[in-house]
Amino acid sequence: MRVRAEAGMTTWTDYLLTDSPSSRRQARLGQIYRKWLAFRRNPLAMVGLCIIIALLLVAAFAPLIATADPLAQNLDRRLLPPSGTNFFGTDSLGRDIFSRIIYGTRVTLVIVLLVVVSVGPIGLLIGAASGYLGGWVDRALMRMTDVFLAFPRLVLALAFVAALGPGLENAVIAIAITAWPPYARVARAETLIIRQQDYIAAIRLQGASQWRIVWKHVVPMCLPSLIVRTTLDMAGVILIAAGLGFLGLGAQPPIPEWGAMISAGREQIFDQWWVATFPGIAICIVALGFNLLGDGLRDVMDAR
């Protein structure tokens, strides 16, 4: 039985690592498997991947992991230090900090996913169209990009949130509006190289329209760089969201958002240090995980 399993594993590995694939599907699976092997050899990248997987699991099973209701207040147990009952202590309203951090992973993932879904495609299309079409289109789109890049992202996000009003949804919109210019720059740089390739000239000679070339042939080639940029940018997104929450412009109480939790504990930072420390540690760990994962993906997907 063991010999048969090892033989099957060897056959599957040979199927993925063969130098002469028999189908496009086999070639793509083999390419993905080789990238996974290269990624697995990077220990720091694996640490980042484990952190992100742990974040997803904690968010999915938050009701099972949390030891108390994150919104339940108990003024008789306010500002208690960490103990066996309250692992991370309690805040000024007697709420369990550990449970609030656990449920805060869901808020963090919602912000990250909404920003990725909205920013990635917008930046990719703007950058690809600008780089391929050139001319006045390139000048107009890049000057608009320069306007957004001229301001610090947090300051610009603060301006948009102040105009839209505080709240989690408006914070996501503000972050998305300020986050797309770097994606457009990366996509434009990739497109300027891709449009000079011979296969693009052949597709153009076959009569394909410019937008079809951009959508079908340029955009897929820009995706690896965009994925790396997105992963590396997630730490910045988390920090900006935490900054907005700290200033009271992000998620509003009683939502357990990490930045708002730090803001609530800043008055007790010297006497009751645990109120602000543990949410800050959670932000640092998650941001580190995304940075390590992004570095590993960059090494794997870099064509050089």
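Read on for a plain summary of the structure. Within any chain, residue numbers begin from 1 and follow the written order of that chain's sequence. This being a predicted model, a pLDDT of at least 70 is required before a residue's local features are given, and a value of 80 or more before pairs of side-chain atoms are given or counted; all residues contribute to the totals for chains, interfaces and linings. With hydrogens and water excluded, all non-hydrogen atoms of the structure serve as input to the side-chain values.

Points about the overall build of the chain
The secondary structure content of the chain amounts to 12 helices and 0 strands. Its helices and strands taken in sequence order, the chain reads α-α-α-α-α-α-α-α-α-α-α-α from the N to the C terminus. In terms of principal-axis extent, the alpha carbons of the chain reach across some 75 × 65 × 25 Å. For the chain, the residues scored as buried account for 41% of the 304 residues in total. By the convention used here, residues are in contact when the closest approach between their heavy atoms is within 4.5 Å. Of all intrachain contacts in the chain linking residues separated by at least 6 positions in sequence, the fraction that spans at least 24 positions is 69%. For accessible areas, the Shrake-Rupley method is used with a probe of radius 1.4 Å. Any residue's cover is judged against the shown protein chains and nothing else. About 16,600 Å² of surface is accessible on the chain, with carbon and sulfur atoms providing 65% of the total. Looking at the chain, you have 27 positive and 19 negative side-chain charges, and the mean spots of the two groups are 9 Å apart. The way it works is that DSSP assigns letters per residue, a run of H or I at least four long becomes a helix, a run of E at least two long becomes a strand, and they are numbered from the N terminus. Each residue's exposure class comes from its accessible area (1.4 Å probe, protein chains only) as a fraction of the maximum for that residue type: buried when under 20%, exposed when over 50%, partly exposed otherwise. Note that His is not counted, nor are the chain ends; the positive residues are Lys and Arg, and the negative ones are Asp and Glu. Every charge is mapped onto a representative atom, which is NZ of Lys, CZ of Arg, CG of Asp or CD of Glu.

Section: unusual backbone geometry
Pro254 follows Pro253 through a cis peptide bond whose omega is 5°. If you trace the backbone, Pro254 turns up in the loop between α10 (210-246) and α11 (258-265). Even without being a glycine, Leu79 presents a positive backbone phi close to 55°.

Describing empty space enclosed by the protein
Here the term cavity refers to a set of points on a 1 Å grid, laid over the protein atoms alone, in which a 1.4 Å probe fits but cannot get out; the term pocket refers to an open set having protein on both sides within 12 Å along at least five of seven lines, with lining residues being those that place an atom within 4 Å of a point. Grid points are joined across faces, edges and corners, and a volume is the space filled by probe spheres set on the points. According to the stated counting rule, one finds 2 cavities of 30 Å³ or more in the structure shown. In this structure, the largest cavity is lined by Thr108, Ile111, Ile238, Ala241, Ala242, Glu257 and Trp258. When residues of the lining of the largest cavity are traced back to their parent elements, those giving at least two are α5 (97-133) and α10. Tallying contributions element by element places α10 first for the lining of the largest cavity, with 3 residues. Here the lining of the largest cavity is built from residues that sort into 5 nonpolar, 1 polar and 1 charged. What the second largest cavity holds in volume is close to 30 Å³. Under the convention adopted here, Pro, Cys and the residues Ala, Val, Leu, Ile, Met, Phe, Trp and Tyr are nonpolar, Asp, Glu, Lys and Arg are charged, and Gly plus all remaining residues are polar. In the lining of the second largest cavity, the residues fall into 5 nonpolar, 1 polar and 1 charged.

Some words on the environment of Ile262
Structurally, the position occupied by Ile262 is in helix α11. Linking Ile262 and Leu247, residues 15 residues apart in sequence, is a C-alpha distance of 10.0 Å. With residues up to four places along the chain from it excluded, the contact list for Ile262 reads Phe246, Ala276, Pro279, Gly280 and Ile283.

Looking at the side chain of Gln268
Assignment of secondary structure puts Gln268 in the loop between α11 and α12 (274-301). Discounting residues that sit within four places of it in the chain, Gln268 has contacts with Leu79, Ser92, Trp273 and Val275.

So, a nonpolar patch on the surface
Patch construction takes residues with relative accessible area above 30% that form no salt bridge. Like charges are linked within 9 Å, and nonpolar side chains (Val, Leu, Ile, Met, Phe, Trp, Tyr) are linked within 5 Å. In what follows, salt bridge is the name for a side-chain nitrogen of Lys or Arg lying within 4 Å of a carboxyl oxygen of Asp or Glu. Together, Ile53, Leu57, Phe61, Leu64 and Ile65 give the surface a local cluster of nonpolar side chains, amounting to about 480 Å² of exposed area. Only α3 (43-60) and α4 (62-65) provide two or more residues apiece to the nonpolar patch. Topologically, Phe61 is positioned in the loop between α3 and α4.

Quick word on the nonpolar core
Ile111, Ile175, Val218, Trp258 and Phe290 are the most contacted members of the largest nonpolar core, which totals 61 residues. Residue assignment for this core shows that the elements contributing at least two residues are α3, α5, α7 (153-164), α8 (168-194), α9 (198-205), α10, α11 and α12. In terms of residues, this core owes the most to one element, α10, which gives 14 residues. Setting aside anything within four residues of it in sequence, one finds Ile175 in contact with Ile111, Val115, Val237, Ile240, Ala241 and Leu244. Throughout this description, the term nonpolar core refers to a set of buried Ala, Val, Leu, Ile, Met, Phe, Trp, Tyr and Cys residues connected via side-chain atoms within 4.5 Å.

Looking at the packing of α5 against α10
Fitting a line to C-alpha atoms yields each axis, with helices limited to the stretch in contact; the angle taken between N-to-C directions then spans 0 to 180 degrees. Viewed as axis vectors pointing N to C, α5 and α10 meet at an angle of 140°, and their least axial separation amounts to 7 Å. Taken as axis vectors, α5 and α10 run oblique relative to one another. Classified by chirality, the crossing of α10 by α5 is right-handed. Here the angle decides the label: under 35 degrees means roughly parallel, over 145 means roughly antiparallel, 65 to 115 means roughly perpendicular, and every other value means oblique. If you view the pair so one helix is near and one far, a crossing is left-handed when the near helix is turned anticlockwise from the far one by less than a right angle, and right-handed when it is turned clockwise.

As for the packing of aromatic side chains
Pairing of aromatic side chains requires ring centres within 6.5 Å, counting the rings of Phe and Tyr and the six-membered ring of Trp. Pairs whose planes differ by under 30 degrees are stacked, by over 60 edge-to-face, and all others tilted. Evaluated as defined, the whole model comprises 7 aromatic pairs. When the centroid spacing of 5.2 Å and the interplanar angle of 75° are considered together, the rings of Phe87 and Phe98 count as edge-to-face. Taken together, the positions of Phe87 in the loop between α4 and α5 and Phe98 in helix α5 put the pair 11 residues apart, joining distant regions of the chain. Given the relative accessible area of 39%, Phe87 is considered partly exposed. A ring pair is formed by Trp273 and Phe278, whose centres lie 5.8 Å apart and whose planes are at 45°; its orientation type is tilted. Residue class for Trp273 comes out partly exposed when judged on its relative accessible area of 40%. Among the residues examined, Phe278 registers a relative accessible area of 16% and is labelled buried. Following the ring pairs from residue to residue traces out a cluster consisting of Phe87, Phe88, Phe98, Trp273, Trp274 and Phe278.

Quick word on α10
In a regular helix each residue adds 1.5 Å, so 37 residues correspond to 54 Å; α10 covers only 46 Å between its end C-alpha atoms and thus falls short of that length. Helix geometry: α10 is bent most strongly at Val219, by close to 45°, with proline Pro220 lying one to four residues after it. Residue Gly248 follows α10 closely and has a positive phi angle near 85°. A helix is expected to span 1.5 Å for every residue after the first. The angle between axes fitted to the seven-residue stretch ending at a residue and the seven-residue stretch beginning at it gives the bend at that residue.

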